[in-house]
Amino acid sequence: MTSGKTSVCGVIAYPVEHSMSPMMHNFFAEQTGVDLNYMPFKVKPEQVKEAVEGAFALNILGLNVTVPHKQAVMEHLAAIDDAAAAIGAVNTLVRQENGYKGYNTDAPGLLRAMTEAGMTVKGRTCILLGAGGAAKAAAYVLAKEGAAKVYVLNRSLERAKILSEEINGRFGKEILFPMKLEDWREIPEKGCLAVQSTSVGMHPHVDEAVIEDEAFYEKLSDAFDIVYTPMETRFMKLASAAGARVSNGLSMLLYQGIIAFELWNPGVTVSEETAERAKKLLIDFLGGKA
Ligand code: ATR
């Protein structure tokens, strides 16, 4: 029960009504026995500064940050974790003495989700579909985890180039190779790990995939879609039909949440069992759209 000692966390977003984070974090609190309440905060883009300063003044322990504030929030923080700085986006604020420190738990959340699905990165040829905000966290993970090569396929070549230059510069070697989406036939390798980071195929556009040609999917042995509505996207269906191992992005959402919860509560671990049960809650919640 909420008392004078209860810690408060929350998510800032605009809109925020769709967020599953309150449900997930309040469940973690209940299961771990941590005295914490997690609330949704609808924050307009022009009020991000006031929101962060106000949260700090209100002694709020931590915040998640999501669309459209992941970049904008960065200039209002006391510190930024190195990986979050490299990715250029922050999704978790952790209270420190002089202000909040920004982290990106999407990247380690993706890594944990891929690992759980049995997908390895080290030494692999990877294909990253998309070059937007979500792609950046994925590109960082693939480079950091030792991918041999990452083809960045994007509709706008310019954006793929900017992302590739940034990450290659950060890691000091040519890991990412930008390409136009329709040039995928130029990729000679097979057995690739693909990460689908665009919003194509997301509910209600469930009959769309960023690449339709079956021959593309013959190149893949692992296919991770960041999208989780529907639970099985068209991209996953096409990859599955070609014999690839597939995963949707629901466990990425779950693990980014768990990593944030553990950052706010040092010494607390969310058990595998709680993670499993939280995932079921998310699936039930999404039931109508899946
Ligand atoms: P997010 O933060 O969710 O990644 P974003 O930064 O707007 O959102 O990026 C969206 C990504 O999806 C981009 O890679 C975008 O391609 P462009 O850079 O060419 O715009 C991609 N995308 C969105 N709609 C698409 C479509 N219909 N076909 C192909 N790619 C699409």
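Bear in mind the structure is a predicted one, so any value in this text is a computation, not a measurement. Numbering of residues begins from 1 in every chain and follows the order in which that chain's sequence is written. Restriction of local features to residues with pLDDT of at least 70 applies here, the model being predicted, together with a cutoff of 80 or more for giving and counting side-chain atom pairs; totals for whole chains, interfaces and linings are based on all residues. Hydrogens and water molecules were not included; the side-chain quantities draw on all heavy atoms of the structure.

Draft legend 1. Representation of the sheet that holds strand S10 (residues 192-196). Between any two strands, pairing holds if DSSP finds at least two bridges. By the criteria applied, helices consist of DSSP H or I runs no shorter than four residues and strands consist of E runs no shorter than two, each listed in order from the N terminus. Sheet architecture is open: six strands sit in the order S9-S8-S7-S10-S11-S12, paired in parallel fashion. Since the sheet does not close on itself, it has two edges, and those belong to strand S9 (176-180) and strand S12 (245-247), each with one partner. Adjacent strand axes in the sheet meet at a mean angle of 20°, parallel and antiparallel pairs treated alike. Here five bridges tie S10 to strand S11 (residues 220-225), and the two strands are oriented parallel to one another. Bridge pairing links Leu193 to Asp222 in S11. Its contacts with the sheet put helix H6 (residues 157-171) on strand S7 (125-129), strand S8 (149-154) and S9, and the angle it makes with S9 is roughly 180°. Every angle, taken between N-to-C directions, lies between 0 and 180 degrees, and every axis is a line fitted to C-alpha atoms, over only the stretch in contact when it is a helix. The contact rule is simple, with two residues in contact once any of their heavy atoms fall within 4.5 Å.

Draft legend 2. Local environment of the pattern of salt bridges. Salt bridges are defined by distance alone: a side-chain nitrogen of Lys or Arg within 4 Å of a carboxyl oxygen of Asp or Glu. Counting across every chain of the model gives ten salt bridges. Taking the shortest distance from any N to any O, the salt bridge between Lys136 and Glu166 comes out at 2.7 Å. Of this pair, Lys136 sits in helix H5 (residues 133-144) while Glu166 sits in helix H6, placing them 30 residues apart in sequence. Per-residue accessibility, obtained with a 1.4 Å probe over protein chains only, is compared with the maximum for each type, and a residue is labelled buried under 20%, exposed over 50%, and partly exposed between these values. Relative accessible area serves as the criterion here: at 18%, Lys136 is assigned to the buried category.

Draft legend 3. Structural context of the site of the ligand. Neighbouring residues of the ligand: 13 residues in total, closest Ala131, Ala134, Asn154, Arg155 and Ser156. Any pair of nitrogen or oxygen atoms within 3.5 Å is treated as a polar contact; in protein, a donor-acceptor pairing is required on top of that, and neighbouring residues in sequence qualify only through side-chain atoms on both sides. Within the backbone of Ala134, a nitrogen or oxygen atom sits 3.0 Å from an oxygen atom of the ligand. Considered on its own, the ligand offers 650 Å² of accessible surface; in the complex 65% of this is hidden by protein. Ten residues, namely Ala, Val, Leu, Ile, Met, Phe, Trp, Tyr, Cys and Pro, are considered nonpolar, four, namely Asp, Glu, Lys and Arg, are considered charged, and the remaining ones, Gly among them, are considered polar. Taken together, the residues that form the shell around the ligand break down as five nonpolar, six polar and two charged. Think of it this way: one heavy atom of a residue within 4 Å of a molecule or strand is enough to make that residue near it. A 1.4 Å probe and the Shrake-Rupley method give the accessible areas. Residues count as covered only by the protein chains that appear here.

Draft legend 4. Focus on the pairing of strand S5 (residues 92-96). Note: strand S3 (residues 62-65) against S5, three bridges, orientation antiparallel. From the neighbouring strand, Gly62 faces S5, where its bridge partner is Val94. For S5 and strand S6 (residues 99-103), the ladder comprises five bridges, and the chain directions are antiparallel. When the bridges of S6 are listed, Val94 appears paired with Lys101. The turn joining S5 and S6, which pair antiparallel and follow one another in sequence, is formed by two residues.

Draft legend 5. Seen up close, helix H10 (residues 272-286). Helix span is expected to be 1.5 Å times the residue number reduced by one. In this model, H10 (15 residues) spans 21 Å end to end at C-alpha, consistent with the 21 Å of a helix rising 1.5 Å per residue. Turning to H10, its buried residues number three or more, namely Thr274, Ala275, Ala278, Lys279, Leu282 and Leu286. Angular distribution of buried residues about the axis of H10 spans 140°; they occupy a single face of the element. Of the exposed residues in H10, those oriented more than 90 degrees away from the buried face are Glu273, Lys280 and Asp284. Here the buried face of H10 lies against helix H1 (21-32), helix H4 (106-116) and helix H9 (250-264). Think of the arc as the fan of directions from the helix axis to the C-beta atoms.

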